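Summary of structural features
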Amino acid sequence: MYAGSHLSDALPSSSGKERGFRSTSGARGRDGASGTTSANKGQGGKRRAGKVFLVGAGPGDPELLTVKAMRLITHAEVVVFDHLVGDAIVALIPASARRVYAGKEAGNHALPQHQINQLLVDLAGEGLNVVRLKGGDPFIFGRGGEEMNAVLAAGLECEIVPGITAAAGAASCTGIPLTHREHAQTLIFATGHLKDDTVDLDWAALARPRQTVVIYMGLGALDIICERLIAHGLPARTPAAVIHAATTPGQCGVHSTLARLPAAVREADLRTPALIMIGEVVALDPGLLLRRALTATA
């Protein structure tokens, strides 16, 4: 079975289908999944509804795509892609495919989220198999859950294709372990940009000792984040880092302490996309982060 394939509760009751996993026993089209272009016409030549694939593009390096993601991208009919999907991955989209940019940068959204949701529904309603390409993993700060719900509510099928999330990619390519028996038995992913544009996080939970905290989309609120963590008891000397464009040729970043991190980021002129990594494990970096930073700026 496809591990992330769902059918909508919104399907007519007469269909006899319930939301759940879908078998792979059906006919396969050119993208390897049942119900593809070559099999999208029902009886009488009437085109059946398409399907939406929420595909994780990983942290940026195209070699870190899953085999399934690569197959779907290179055989796509239409791709709706985000700002965080690297140029090298966008280049894999076939020339014959329709491309729709739906990127979101701070203060600059190509399409608001509700329009993206409707776009996916409309495209699949035309009988197209839609690759919704998202940086990292679709279900980790990627609004994949909102898009899945919109597709299912429209009575359409949605399949989730996981991707390597940015934190895992950044940790592995810098040599900073996210967990370590002697330094961090807990790992927390948090977002520094909430829906209402606040940074009102659970500071007490984030400031607990012997854990690693990775904050996505927090660079614009870095001063507040560091200040609040220190105010809630995390030592000012706690090792911390900001990593820009992890796993790509432009990867660079800074090591510092929690108290000094905002100034270090300003001195290095780091920009988004970037991850904030906080915890004793940051001090275990064998020098890969700084080495990559020198290579990127050479």
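Residues numbered from 1 in each chain as written. Predicted model: local features only at pLDDT ≥ 70, side-chain atom pairs only at ≥ 80, totals over all residues. Heavy atoms only, no water.

**Digging into the side chain of Thr 165**
Here Thr 165 shows up in the loop between β8 (157-161) and α5 (166-174). For Thr 165, the residues in contact, after removing those within four places along its chain, are Gly 136, Asp 137, Ile 140, Phe 189 and Tyr 216. (Helix = DSSP H or I, 4+ residues; strand = E, 2+ residues; numbered from the N terminus. Contact = heavy atoms within 4.5 Å.)

**What to know about the confidence of the model for the protein**
Residues of the protein with pLDDT of at least 70 account for 78%, and the chain-wide mean is 84. When the criterion is pLDDT under 50, residues 8-39 qualifies, and its contacts beyond four places in sequence or with other chains add up to 67 contacts. (pLDDT = per-residue confidence, 0-100.)

**Section: the pattern of salt bridges**
Tallied over the full model, the rule gives 11 salt bridges. Notably, a salt bridge pairs Glu 159 with Lys 51, separated by 2.8 Å at the nearest N-O pair. Here Glu 159, found in strand β8, pairs with Lys 51, found in strand β2 (residues 51-56); they are 108 residues apart in sequence, far enough to count as distant. Asp 82 is the salt-bridge partner of Arg 132, the closest N and O atoms lying 2.8 Å from each other. Taken together, the residues Arg 132 in strand β7 (residues 129-134) and Asp 82 in the loop between β3 (78-81) and α2 (87-90) connect sequence positions 50 residues apart. Look at Arg 132 and you get buried, because its relative accessible area is 0%. You can call Asp 82 buried: its relative accessible area is 15%. Overlapping salt bridges, with partners in common, bring together Lys 51, Lys 68, Glu 157 and Glu 159 in one network. (Salt bridge = Lys/Arg side-chain N within 4 Å of Asp/Glu carboxyl O. Buried < 20%, exposed > 50% of the residue type's maximum accessible area, 1.4 Å probe, protein only.)

**Some details on the packing of aromatic side chains**
Summed over all chains, the structure comprises three aromatic pairs. With a centroid separation of 5.1 Å and an interplanar angle of 55°, the aromatic rings of Phe 141 and Tyr 216 are classed as tilted. One end of the pair, Phe 141, is in the loop between β7 and α4 (144-153); the other, Tyr 216, is in strand β10 (residues 211-216), with 75 residues separating them in the sequence. Here a set of aromatic residues connected by ring pairs shows up, and it is made of Phe 141, Phe 189 and Tyr 216. (Phe/Tyr/Trp six-rings, centres within 6.5 Å; stacked < 30°, edge-to-face > 60°.)

**Details of the nonpolar core**
With 28 residues, the main nonpolar core has Leu 229, Val 242, Leu 261 and Ile 278 as its most contacted residues. Those elements that place two or more of their residues in this core are β9 (186-191), α6 (203-206), β10, α7 (222-231), β11 (239-244), β12 (252-257), α8 (261-268) and β13 (274-278). For this core, the element with the most residues is α7, which contributes four residues. Contacts of Leu 229, omitting those with residues within four sequence positions, involve Trp 203, Leu 206, Ala 207, Leu 234, Leu 258 and Ile 278. Judged by nonpolar contacts, the second largest core, of 20 residues, contains Val 52, Val 78, Val 80 and Val 121. (Core = buried A, V, L, I, M, F, W, Y, C linked by side-chain atoms within 4.5 Å.)

**Here's the deal with the packing of α7 against α8**
Between α7 and α8, the shortest axis-to-axis distance is 9 Å and the interhelical angle comes to 160°. Put simply, α7 runs roughly antiparallel to α8. Note on packing geometry: the crossing formed by α7 with α8 is right-handed. Each of Leu 222, Asp 223 and Cys 226 in α7 lies in contact with α8, whose residues at this interface are Leu 261, Pro 262, Val 265 and Arg 266. Taken together, the residues of the contact of α7 with α8 break down into five nonpolar, no polar and two charged. (Axes fitted to C-alpha atoms, helices over the stretch in contact; angles between N-to-C directions. Parallel < 35°, antiparallel > 145°, perpendicular 65-115°, else oblique. Left-handed = near helix turned anticlockwise from the far one by under 90°. Nonpolar A, V, L, I, M, F, W, Y, C, P; charged D, E, K, R; others polar.)

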